[in-house]
Amino acid sequence: MVLAAPVRRGCSHCRASSSTYQKTSSARNLSMSSVLDMTTIRPTGETHFVSNPVNKQAKVQTRRFAASEGMAFGLPAGQLAQSSNMHDWWDSVKIAEIEAFKAQCSDLTLRLLSCFAEHMDLPRTFFETSHKQDAGLLPGNALKFMKYPTLSEKPENALERLSAHTDWGTLTLLFTESPGLEIRGPNNEWHDVPVVPGGIVVNIGDLLEFWSGGLLKSTMHRISWEKVPIEQDRYSMPYFAQPSFDTDLRPLTGTLKSDLEAESLTYEEYYHTRIRLTWGNVLDDEEKPAKMNRRLAKYLDLRKNTAGEHVK
Ligand SMILES: O=C(O)CCC(=O)C(=O)O
Ligand SMILES: [Fe+2]
């Protein structure tokens, strides 16, 4: 595997004791050159195009100015070439590069998840089954390219560069060489995340928090104007891991404590609920939102009190 010569030793399988991994130069070259050469990135504006495997091309108006731009490469392995969302600029060589990089990210994600599984007394391969990137297993993990451009003035009514939020999925690997990311600690205090040259930041997402019954905590993070002011730009590449739609999200931890926990819930239901709550009904078949799973409703309600506004 090209990624992940570990920085610190900890768990015997992925050797992670913290969230930082070394990359070899080929991974580093891909990450930054692809971002910096990205001629298709759109100019700053109020419209975000979201590459979504279910929705052919969701054009979503943001409510207020969010000072970042991005493009996402979702879908399981090997599917990008067939996606109707890919601009012609993404020729077969570039697409193959993205696919190869996503495959390395998937391998690393599985190694990290096997450590979580072991420490939760689950079979080590537990998450491997649910996080396969085989063709047909939607939605697939997504690699996103983000740019926070320099600006001549701070826009009126601006949200933060990126509002405080937690990611939805299982784990996020974040590649960046720019400072500015902050994470929120247990006492609501914000901490700068240092840039470790060649390092990868790993954030736990809401799904692992929810699925593990709160044993693992998702990381609240943000990019503020103070940390990335208008005269400074920032590039980053988050990789969002998530299970396949058919994954059963009943609690991972042993005995069920209530009938709420016994109610079935798939990742597909979780995913559509989160999309609907963030962007409204952007999916054609979601005119009438389905009744929300009660355990998920309770979890999201709980989060509302602690989470910032979520814009993605
Ligand atoms: O740009 C960053 O470093 C963070 C990006 C992020 O948190 C996200 O896209 O969810
Ligand atoms: Fe995030």
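Reading the values: rules and limits
One numbering rule holds for all chains: residues counted from 1, following each sequence as written. Following the order in which they are written, the chains are lettered starting with A and the ligands numbered starting with 1. Whole-chain, interface and lining totals are the exception, using all residues; otherwise, since this is a predicted model, local features are given only for residues with pLDDT of at least 70 and side-chain atom pairs are given and counted only at 80 or more. Here the side-chain values reflect all heavy atoms present in the structure, with hydrogen atoms and water set aside. Helix and strand labels come from DSSP, where a helix needs a run of H or I of at least four residues and a strand needs a run of E of at least two; each type is numbered from the N terminus. The rule is simple: take the accessible area with a 1.4 Å probe, protein chains only, and divide by the maximum for that residue type; under 20% is buried, over 50% is exposed, in between is partly exposed. Working rule for contacts: check all heavy atoms of both residues, and any pair within 4.5 Å makes them a contact. Accessible areas in this description were obtained via Shrake-Rupley with a 1.4 Å probe; residue shielding takes into account the shown protein chains only. In this text, near means that some heavy atom of the residue lies within 4 Å of the molecule or strand in question. Pairs of N or O atoms are called polar contacts if they sit within 3.5 Å, as long as, within protein, a hydrogen donor faces a hydrogen acceptor (for residues adjacent in sequence, only side-chain-to-side-chain pairs). Throughout, the ten residues Ala, Val, Leu, Ile, Met, Phe, Trp, Tyr, Cys and Pro are labelled nonpolar, Asp, Glu, Lys and Arg are labelled charged, and all others, Gly among them, are labelled polar. A donor here means an N, O or S atom no more than 2.8 Å from the metal, or no more than 3.2 Å when the metal is Na, K or Ca. Since water is not included, a site may seem to lack partners. Every residue carries a pLDDT, the predictor's confidence in it, which falls somewhere between 0 and 100. UniProt positions are given in the numbering used here, feature names are shortened, and annotations may be inferred rather than shown by experiment. Strands qualify as paired when DSSP identifies two bridges or more between them. Axis definition: a line fit to C-alpha positions, over the contact stretch in the case of helices; interaxial angles, taken between N-to-C directions, run 0 to 180 degrees.

- Per an unreviewed UniProt entry, the protein chain is named Fe2OG dioxygenase domain-containing protein, and its organism is Aspergillus mulundensis.

Remarks on the overall build of the protein chain
No. 1: Summing up its helical and strand segments, the protein chain has 7 helices and 13 strands in all.
No. 2: Among the 312 residues that make up the protein chain, the fraction classed as buried is 51%.
No. 3: Put simply, of all contacts in the protein chain between residues at least 6 apart along the chain, 74% involve residues at least 24 apart.
No. 4: Accessible surface, the protein chain: about 15,000 Å² in total, of which carbon and sulfur atoms supply 51%.

Examining the site of ligand 1
No. 1: Neighbouring residues of ligand 1: 14 residues in total, closest K144, Y148, H221, R234 and S236.
No. 2: The side chain of H165 places a nitrogen or oxygen atom 3.0 Å from an oxygen atom of ligand 1.
No. 3: Contact between ligand 1 and D167: an oxygen atom at 3.2 Å from a side-chain N or O atom of the residue.
No. 4: Where the shell around ligand 1 is concerned, the elements lending two or more residues are β6 (142-148), β7 (162-165), β12 (221-223) and β13 (234-241).
No. 5: The biggest single contributor to the shell around ligand 1 is β13, with 4 residues.
No. 6: Taken together, the residues of the shell around ligand 1 break down into 7 nonpolar, 3 polar and 4 charged.

Some points on the side chain of E182
No. 1: Along the chain, E182 turns up in strand β9 (residues 181-184).
No. 2: Polar side-chain contacts of E182 include one of 2.9 Å to the side chain of R222.
No. 3: Of the polar contacts made by the side chain of E182, one reaches the side chain of S224; its length is 3.4 Å.

Brief notes about the coordination of the iron ion (ligand 2)
No. 1: Taken together, H165 (NE2), D167 (OD) and H221 (NE2) make up the protein donors of the iron ion (ligand 2), found 2.1 to 2.2 Å from the metal.
No. 2: Between consecutive donors of the iron ion (ligand 2), the numbers of intervening residues give the motif H-x1-D-x53-H. One end of the pair, H165, is in strand β7; the other, H221, is in strand β12, with 56 residues separating them in the sequence.
No. 3: In this structure H165 comes out as buried when scored by relative accessible area, which is 3%.

Section: the confidence of the model for the protein chain
No. 1: Averaged over the protein chain, the pLDDT score is 77; the fraction of residues at 70 or greater is 71%.
No. 2: Confidence over residues 1-63 falls short of pLDDT 50; this stretch has 158 contacts with residues more than four positions distant or in other chains.
No. 3: Contacts from residues 308-312, a stretch scored under 50 in pLDDT, to residues over four places away or in other chains number 22 contacts.
No. 4: Across the interface, the model reports ipTM at 0.99; the global pTM reads 0.79.

Examining the UniProt feature "domain: Fe2OG dioxygenase" (unreviewed entry) in the protein chain
No. 1: Per the UniProt entry, the sites bearing "domain: Fe2OG dioxygenase" (unreviewed entry) are residues 139-243 in this numbering.
No. 2: As annotated, residues 139-243 has a helix share of 6% and a strand share of 38%, and its two end C-alpha atoms lie 8 Å apart.

What to know about the sheet that holds β6
No. 1: Strands sit in the order β5-β6-β13-β8-β11 across an open sheet of 5 strands; the sheet is antiparallel. Where the open sheet ends on each side, the last strands, each with one partner, are β5 (69-73) and β11 (200-204). Direction aside, neighbouring strands of the sheet carry axes that sit 20° apart on average.
No. 2: Along the sheet, helix α2 (residues 92-119) makes contact with β5, β6, β8 (171-176), β11 and β13, crossing β8 at roughly 130°.

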